[in-house]
Amino acid sequence: MKILALIPARGKSKRIPGKNKRTLGGKPLICWSISCAQKFKVICDVVVSTDDPEIAAIAMSSGALVPWMRPNELATDTSTSVDVALHALDWYEAKKGIVDGLLLLQPTSPFRTHETIQRGLKAFKLRKFQPVVAVSPAQPHPMWCVRIENEKLIPFMRPTKFIFRSQELPPVYAINGVLYLIAPQDLRRSRSFFYEGATPIIINSPKEAMDIDTEHDWRCAEAYLP
């Protein structure tokens, strides 16, 4: 099995300026994901897609492959992860050969564990290269959510009664962004990292599942550090 790891790291971040190169626990945020991916023999390369020369330099000094600077049209607020991934995947397979899977690792999930990636890789192989997506228990539970219509609260999920006891709630999960693993042909066909029938990798640890998006998230991440 041959897996390409891709870490998308745009230079511009509105909520946390310079987020991907900001130091967390003594090293730039992006390096957490690079070092984690480098531990697996089935991962043929760790590619970083960025439009920022400083991020590129950090990534290369950490052993990642940065073959180009991301095109401007893929570095906007409206650029999608799928477009970024397909750009990297098309280049890699044209230059270095076909891969069995693309492993997308967001740099904003620094606390993913070796064991979680191992579980994802194992599931991908056992399920004959079906998509694998990391999920966590949904918070809040969607059956506790409401919408407002004509200044009145309406249960978001209908038809259903509003459940007050957590013990009665059915298990529900949310995609957390820790990892996505998909075969190239499926990504090209569906233009999505997720579709019905994907294999879940359940992460119960709030620390591992956290996605750093705001300054509050950053402070929470610092609080998790030893």
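Residues numbered from 1 in each chain as written. Predicted model: local features only at pLDDT ≥ 70, side-chain atom pairs only at ≥ 80, totals over all residues. Heavy atoms only, no water.

Participant: Give a detailed account of the packing of aromatic side chains, specifying residues and quantitative values.
Facilitator: Scanning the entire structure with this criterion turns up six aromatic pairs. Between Trp68 and Trp91 the ring centres are 6.1 Å apart and the planes differ by 85°, which places this aromatic pair in the edge-to-face class. Placement of Trp68 in the loop between α2 (53-61) and α3 (81-96) and of Trp91 in helix α3 is noted, with a sequence separation of 23 residues between them. Residue Trp91 is classed as partly exposed on the basis of its relative accessible area, which comes to 22%. Between Phe124 and Phe129 the ring centres are 4.9 Å apart and the planes differ by 25°, which places this aromatic pair in the stacked class. Residue classification places Phe124 among the buried positions, given a relative accessible area of 0%. (Phe/Tyr/Trp six-rings, centres within 6.5 Å; stacked < 30°, edge-to-face > 60°. Helix = DSSP H or I, 4+ residues; strand = E, 2+ residues; numbered from the N terminus. Buried < 20%, exposed > 50% of the residue type's maximum accessible area, 1.4 Å probe, protein only.)

Participant: Any details on the nonpolar core? Residues and values, ideally.
Facilitator: By size, the foremost hydrophobic cluster in this structure holds 33 residues, and its most contacted members are Ile30, Ile43, Val48, Leu103 and Ile117. Those elements giving two or more residues to this core turn out to be β1 (3-8), α1 (29-37), β4 (43-49), α2, α4 (114-126), β6 (132-137) and β9 (173-182). The greatest single-element share of this core, amounting to five residues, is contributed by α1. Those residues in contact with Ile30, other than ones at most four positions away along the chain, are Ile7, Ala9, Asn20, Val48, Ile55, Ile58 and Pro107. Of all hydrophobic cores here, the second largest spans 20 residues; its members include Leu6, Val82, Leu102 and Leu187. (Core = buried A, V, L, I, M, F, W, Y, C linked by side-chain atoms within 4.5 Å. Contact = heavy atoms within 4.5 Å.)

Participant: Account for the pattern of salt bridges, naming residues and giving values.
Facilitator: Applying the stated criterion across every chain yields a total of 11 salt bridges. Across the pair Asp52 and Lys21 runs a salt bridge whose closest N-O atoms are separated by 2.9 Å. Linking Asp52 in the loop between β4 and α2 with Lys21 in the loop between β1 and β2 (23-24), this pair joins segments that are 31 residues apart in sequence. The exposure class of Asp52 is buried, given its relative accessible area of 11%. As a salt-bridge pair, Asp90 and Arg188 come within 2.8 Å of each other at their nearest N and O atoms. (Salt bridge = Lys/Arg side-chain N within 4 Å of Asp/Glu carboxyl O.)

Participant: Explain α3 to me, and be specific about the residues and the numbers.
Facilitator: Taking 1.5 Å of rise per residue, the 16 residues of α3 would be expected to cover 22 Å, and the 22 Å separating its terminal C-alpha atoms lies within 8% of that figure. Buried within α3 we find Val82, Val84, Ala85, Leu86, Ala88, Leu89, Tyr92 and Glu93. Its buried side turned inward, α3 meets β1, β4, β5 (101-104) and α5 (184-190). (Expected span 1.5 Å × (residues − 1).)

Participant: Tell me what's going on with the pairing of β9, and back it up with residues and numbers.
Facilitator: Among the 10 residues of β9, seven are classified as buried, and the element is accordingly described as predominantly covered. Pairing of β5 with β9 involves three bridges; the strand directions are antiparallel. Bridge pairing in β9 links Leu102 to Ile182. When β6 meets β9, the two strands line up antiparallel, connected through five bridges. Of the residues in β9, the one forming a bridge with Val133 is Tyr180. (Pairing = 2+ DSSP bridges.)

Participant: Can you lay out unusual backbone geometry for me, pointing to particular residues and giving the numbers?
Facilitator: The phi angle of most residues is negative, glycine excepted, and most peptide bonds adopt the trans form. Note that the residue after Gln139, namely Pro140, is joined by a cis bond; omega there is -5°. Of note, the phi angle at Phe129 is positive, near 70°, even though the residue is not glycine. Mapped onto the elements of the fold, Phe129 is located in the loop between α4 and β6. Classification of Phe129 as partly exposed rests on a relative accessible area of 27%. Although it is not a glycine, Glu151 adopts a positive phi angle of roughly 65°. Summarising the element assignment, Glu151 is placed in the loop between β7 (146-149) and β8 (152-155). For Glu151, a relative accessible area of 79% gives the class exposed.

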